[in-house]
Amino acid sequence: MPGLRGTPAGIRRGADRIDRATPASRDRAVDALRAFAILGVVLGHWLVTALVADGGTLHTASPLQHMPWLAPVSWAFQTLAVFFLVGGHVATRSHARARADGVTYGRWLRARLSRLLGPVAAVLILWTVVTLALLLAGVDTGTVRTLVKLALSPLWFLVVFACLTALTPLVARLNPLWPLAVVLHVDLLRFGLGGPSWLGWANVAAGWLVPFSLGAAWTRGELERPRAGWVLLTGGAVATALLVVLAGYPASMVGVPGAEVSNLDPPTLAAVAFGLAQCGLALLLRDRLRHAMERPLAWAAVALVNLSAMTVFLWHQTALMATTATALTVGRLPGLHTLPDSPVWVAARLAWLPVLALALAVCWAAFRRHEQGTRRPPSRVGPGASRGRPASAPARGARSPRSPISVEPDTRGADTRST
């Protein structure tokens, strides 16, 4: 098998089983895009988030505060638009197939969202216990607030994603230009005409609705030609550059502590334009990703990331804080507890990444059961990410009893793995 030479025999056999258990109709590029987006968010947070030890307290800081020339790092790892692109695509496919199979909207929506509840409940319960323990131990309330805010920050994404998923029947025919126009007018009112800052929160829904509705356009077959990808990539990139250079938007595509304007909290027109460029690039890479995913080892890695997507997403900040707190017992260490104000800190943080990955692996082993639960028989409710199959066609794949992943979506909405 190509790509498996030199790999231990057990891993080769496992990758081969996963590869054989996957229906030929499955569009592996969709799963690859989802996995890359997840890893992009994780690495991005680990690279631009610092917990600085200052006396008896911890507070957050970012290397982007002190080294603004690192802004391109945020361009590489701010991949949320790809999440919503894939989420809109699989949600609209799922709903179309559910309607064809006679499944009601309520049952479909419960299936799509139910898989979120277990992992989210586990995070909330653990951090409620941790918070009470820290307060009872006399830990500074500012430190506790910092830790809780960081741990629970991924939940905002899930709330927005759940709301957009609930709107899938309406989004299925929505032209992405409509939410884009809302973002444009909100920013014009805020920044151009001096309107109140709270208007920006309308962009939390409208801004992420742009890539989500692009996913619906993908389902409708409107983005299949390379021209669509090139228009999005070049148009989004040029618009982003003009907004940063001429309109004064921040160059960083993530929030920077202390900055007057954040491109992400709430989303600005610059962030949405940048997301369009990302979506265009993702669409252009589909064929190459499909080819790359023909290699069993590469596909097995992507499949396993998707299987634990929620666990990785919800617990990666906890892994960072657990590592920081544990290492603090031996003193203030560069790259973990020191101010991120020099390239030395960057080099030290890069050296810590394997340790953070190990901490995340421990979290994954402890909490993945809340995501995977008890497997149920395959159902037609989930859409699958299929290639060349009409939206109304029932899936015919089956889960291999020897494979660690279900290659057929189940009634819990397996394609919510895009979250």
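We now examine the side chain of Thr338. On the secondary structure map, Thr338 appears in the loop between helix H16 (309-327) and helix H17 (343-372). Among the polar contacts made by the side chain of Thr338, one reaches the main-chain amide nitrogen of Gly335 at a distance of 3.3 Å. Apart from residues lying up to four places away in sequence, Thr338 is in contact with Val52, Arg332, Leu333 and Trp345.

To continue, consider helix H5 (residues 80-100). With 21 residues, H5 should cover 30 Å at 1.5 Å per step; its first-to-last C-alpha distance of 30 Å lies within 8% of that length. Within H5, 18 of the 21 residues are buried, which leaves it mostly tucked inside the rest of the structure.

The next subject is the pairing of strand E2 (residues 57-61). Relative to E2, strand E1 (residues 50-54) is paired through five bridges, and the arrangement is antiparallel. Pairing of Asp54 across the sheet is with Thr57, part of E2. Connecting the antiparallel pair E1 and E2 is a turn made up of two residues, with Gly55 showing a positive phi of about 70°.

Here we come to the nonpolar core. One finds Phe84 and Leu314 to be the most contacted residues of the largest nonpolar core, which totals 94 residues. At 12 residues, the largest contribution of residues to this core is made by helix H2 (residues 28-48). If we skip the residues at most four places from it in the chain, Phe84 touches Phe157, Val160, Phe161, Leu164, Trp208, Pro211 and Phe212.

Looking now at the confidence of the model for the protein. Summary statistics for the protein give a mean pLDDT of 85 and a share of 87% for residues scoring 70 or more. Model confidence for the protein, summarised as mean pLDDT per element, is weakest for helix H1 (residues 9-21) at 84 and strongest for helix H13 (residues 269-284) at 97. For residues 374-419, every residue scores under 50 in pLDDT, and the model assigns this stretch 141 contacts once sequence neighbours within four places are set aside.

Cut-offs applied
- Residues numbered from 1 in each chain as written.
- Predicted model: local features only at pLDDT ≥ 70, side-chain atom pairs only at ≥ 80, totals over all residues.
- Heavy atoms only, no water.
- Helix = DSSP H or I, 4+ residues; strand = E, 2+ residues; numbered from the N terminus.
- Polar contact = N/O pair within 3.5 Å; in protein donor to acceptor, adjacent residues only side chain to side chain.
- Contact = heavy atoms within 4.5 Å.
- Expected span 1.5 Å × (residues − 1).
- Buried < 20%, exposed > 50% of the residue type's maximum accessible area, 1.4 Å probe, protein only.
- Pairing = 2+ DSSP bridges.
- Core = buried A, V, L, I, M, F, W, Y, C linked by side-chain atoms within 4.5 Å.
- pLDDT = per-residue confidence, 0-100.

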